[in-house]
Amino acid sequence: MADNADRYQHGEAHDPLVDRTEDSREARSAAARLFDIRRVIGGLFVVYGLIVGLMGLFDTSAEIDKAQGVRINLWAGLVMLVFGLLMLLWQRLRPTEPPEPGAADEH
């Protein structure tokens, strides 16, 4: 009996329930990161910012005159691109932690 306790303390033997719990926690964490709203919003703003920004690069003089000489598509695209990149950076720097399994039962 003391032999088994000594083996657990030195990390030689693994408890399958502990391993299963750790695997479940990693799976929940991956799912939380995958469905993080910051990733969805950031990705959409990056894509839309690129599209609108590219449209602004190739605006005709008539379109620029219609906007009183401002390349509004280019500026709007750049703002959307920066916002999307900031959302993705925020998600990368501060990832979400999945809730504990019993946390919903407490409230």
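Residues numbered from 1 in each chain as written. Predicted model: local features only at pLDDT ≥ 70, side-chain atom pairs only at ≥ 80, totals over all residues. Heavy atoms only, no water.

Asker: Honestly, a nonpolar patch on the surface in this entry has me stumped. Any pointers?
Answerer: Together, Ile 37, Val 40, Leu 44, Val 47, Tyr 48, Ile 51 and Met 55 make up an exposed nonpolar region whose accessible area comes to about 660 Å². Its place among the elements puts Tyr 48 in helix H3 (residues 37-57). (Patch = residues over 30% accessible without salt bridge, like charges linked within 9 Å, V, L, I, M, F, W, Y side chains within 5 Å. Areas by Shrake-Rupley, 256 points an atom, 1.4 Å probe, with all protein chains shown as cover. Salt bridge = Lys/Arg side-chain N within 4 Å of Asp/Glu carboxyl O. Helix = DSSP H or I, 4+ residues; strand = E, 2+ residues; numbered from the N terminus.)

Asker: I'm lost on helix H5 (residues 72-93) in this one. Help?
Answerer: Working note: α-helix, 3.6 residues per turn, so residues spaced by three or four point in the same direction. Between its first and last C-alpha, H5 extends 31 Å over 22 residues, near the 32 Å set by a 1.5 Å rise per residue. The complete set of buried residues in H5 reads Leu 74, Gly 77, Gly 84, Met 87 and Gln 91. Take H5 and look down its axis: the buried residues cluster within an arc of 155 degrees, on one side only. Within H5, the exposed residues directed more than 90 degrees away from the buried face are Trp 75, Val 79, Leu 86 and Leu 93. (Expected span 1.5 Å × (residues − 1). Buried < 20%, exposed > 50% of the residue type's maximum accessible area, 1.4 Å probe, protein only. Arc of directions from axis to C-beta.)

Asker: I would appreciate a short explanation of the UniProt feature "transmembrane region" (unreviewed entry) in the protein chain in the present structure.
Answerer: This chain's UniProt record puts "transmembrane region" (unreviewed entry) on residues 40-58 and 70-90. For residues 40-58, the helix share is 95%, the strand share is 0%, and the end-to-end C-alpha distance is 28 Å. Within the segment residues 70-90, helix and strand shares are 90% and 0% respectively, and the terminal C-alpha atoms sit 31 Å apart. (UniProt positions renumbered as here; feature names shortened; annotations may be inferred.)

Asker: Looking at this structure, I do not really get the pattern of salt bridges. What am I missing?
Answerer: A side chain of one charge can pair with a side chain of the opposite charge if their charged atoms are brought near each other. Tallying each qualifying case throughout the model produces one salt bridge. Among the ionic pairs, Arg 38 bridges to Asp 36, the shortest N-O distance being 2.8 Å. We note that Arg 38, like Asp 36, is buried.

Asker: Mind showing me how you'd approach the environment of Leu 54 here?
Answerer: As for its placement among the helices and strands, Leu 54 is situated in helix H3. Through-space distance from the C-alpha of Leu 54 to that of Gly 77 is 7.7 Å; in sequence the pair is 23 residues apart.

Asker: Hey, could you run me through the packing of H3 against H5 in this one?
Answerer: In helix packing, the relevant descriptors are the interaxial angle and the interaxial distance, both defined with respect to the helix axes. Relative orientation of the contacting elements H3 and H5 amounts to 155 degrees, with a least axis distance of 7 Å. Of the possible angle classes, the one that applies to H3 and H5 is roughly antiparallel. In this structure, H3 crosses over H5, and the sense of that crossing is left-handed. In the contact of H3 with H5, the residues fall into 17 nonpolar, nine polar and two charged. (Axes fitted to C-alpha atoms, helices over the stretch in contact; angles between N-to-C directions. Parallel < 35°, antiparallel > 145°, perpendicular 65-115°, else oblique. Left-handed = near helix turned anticlockwise from the far one by under 90°. Nonpolar A, V, L, I, M, F, W, Y, C, P; charged D, E, K, R; others polar.)

Asker: Whenever I open this one, unusual backbone geometry confuses me. Can you help?
Answerer: Notably, Gln 68 is not glycine yet its phi reads approximately 60 degrees, a positive angle. With respect to the helices and strands, Gln 68 occurs in the loop between helix H4 (61-66) and H5. Judged by relative accessible area, which is 75%, Gln 68 ranks as exposed.

Asker: Is there a simple way to think about the confidence of the model for the protein chain in this case?
Answerer: Interpreting fine coordinate detail is not advised for predicted regions of low pLDDT. Per-chain confidence: the protein chain averages 79 in pLDDT, with 59% of residues scoring 70 or above. Put simply, helix H1 (residues 2-9) is where the protein chain has its lowest mean pLDDT, 54, and H5 is where it has its highest, 96. (pLDDT = per-residue confidence, 0-100.)

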